[in-house]
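Here are the chains, one letter per residue:
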Amino acid sequence: DLSRLGSKGRIHSEGHHFKCMHPGDGALHHILVVDKSGSMADRDAKPHRVLLPRKQQNRLGAVIEACDDYLQLRHGRAVNDLVSFIAFDNKPVTVFCGQPLDPPVLLERMKTVNWGGGTSFGPALDAASQVMKTVEALG
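These numbers come from a predicted model, not from an experiment. (Residues numbered from 1 in each chain as written. Predicted model: local features only at pLDDT ≥ 70, side-chain atom pairs only at ≥ 80, totals over all residues. Heavy atoms only, no water.)

Draft legend 1. Main features of helix α2 (residues 103-110). If you check which residues of α2 are buried, you get Pro103, Leu106, Leu107 and Met110. Projection of α2 onto a plane perpendicular to its axis shows the buried side chains occupying an angular sector of 105 degrees, all on one side. (Buried < 20%, exposed > 50% of the residue type's maximum accessible area, 1.4 Å probe, protein only. Helix = DSSP H or I, 4+ residues; strand = E, 2+ residues; numbered from the N terminus. Arc of directions from axis to C-beta.)

Draft legend 2. A look at the packing of helix α1 (residues 59-75) against α2. Axis separation between α1 and α2 bottoms out at 10 Å; the angle between their running directions is 165 degrees. Taken together, α1 and α2 sit at an angle that is classed as roughly antiparallel. Like other packed secondary-structure pairs, α1 and α2 cross with a definite hand, here right-handed. Note on element contacts: α2 touches α1 through Pro103, Leu106, Leu107 and Met110, opposite Ile64, Cys67, Asp68, Leu71, Gln72 and His75. For the contact of α1 with α2, a count of residues per class yields seven nonpolar, two polar and one charged. (Axes fitted to C-alpha atoms, helices over the stretch in contact; angles between N-to-C directions. Parallel < 35°, antiparallel > 145°, perpendicular 65-115°, else oblique. Left-handed = near helix turned anticlockwise from the far one by under 90°. Contact = heavy atoms within 4.5 Å. Nonpolar A, V, L, I, M, F, W, Y, C, P; charged D, E, K, R; others polar.)

Draft legend 3. Quick peek at the packing of aromatic side chains. A complete count under the given rule lists two aromatic pairs for this structure. Centroid distance Phe85 to Phe96: 5.7 Å. Interplanar angle 20 degrees. Geometry classified as stacked. In this pair, Phe85 is assigned in strand β4 (residues 82-88) and Phe96 in strand β5 (residues 92-100), connecting sequence segments 11 residues apart. No difference in accessibility class separates Phe85 from Phe96, as the two residues are buried. (Phe/Tyr/Trp six-rings, centres within 6.5 Å; stacked < 30°, edge-to-face > 60°.)

As structure tokens, this is what we get:
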């Protein structure tokens, strides 16, 4: 019976009901976790729109540009969102944590990231978990 589901859930085409909550129009916390290892210096992908320093005319620059594109898109929809940005190689670095969604300001901060080092996903995911807990505790 769809009438008693309201907006809390989804009915699959086969009739299965999946209970879920959707954030709706509320503010979100976007945590961007980006590989900055040595392989990100490869120039097989480059940014096309965003003016980035020469050191980022590579895969890393393309990823930073994609992050900026995403933030620009989200900025048009919700001004109360927060953003965190973690760059990792062997170790994660939290470039910013729980910042207001202001794409030009955040892009300048993302431009400070340099490539180099190996690739270790585990510590980066641990850092993302810690950022999530920190921002949640603040508000």
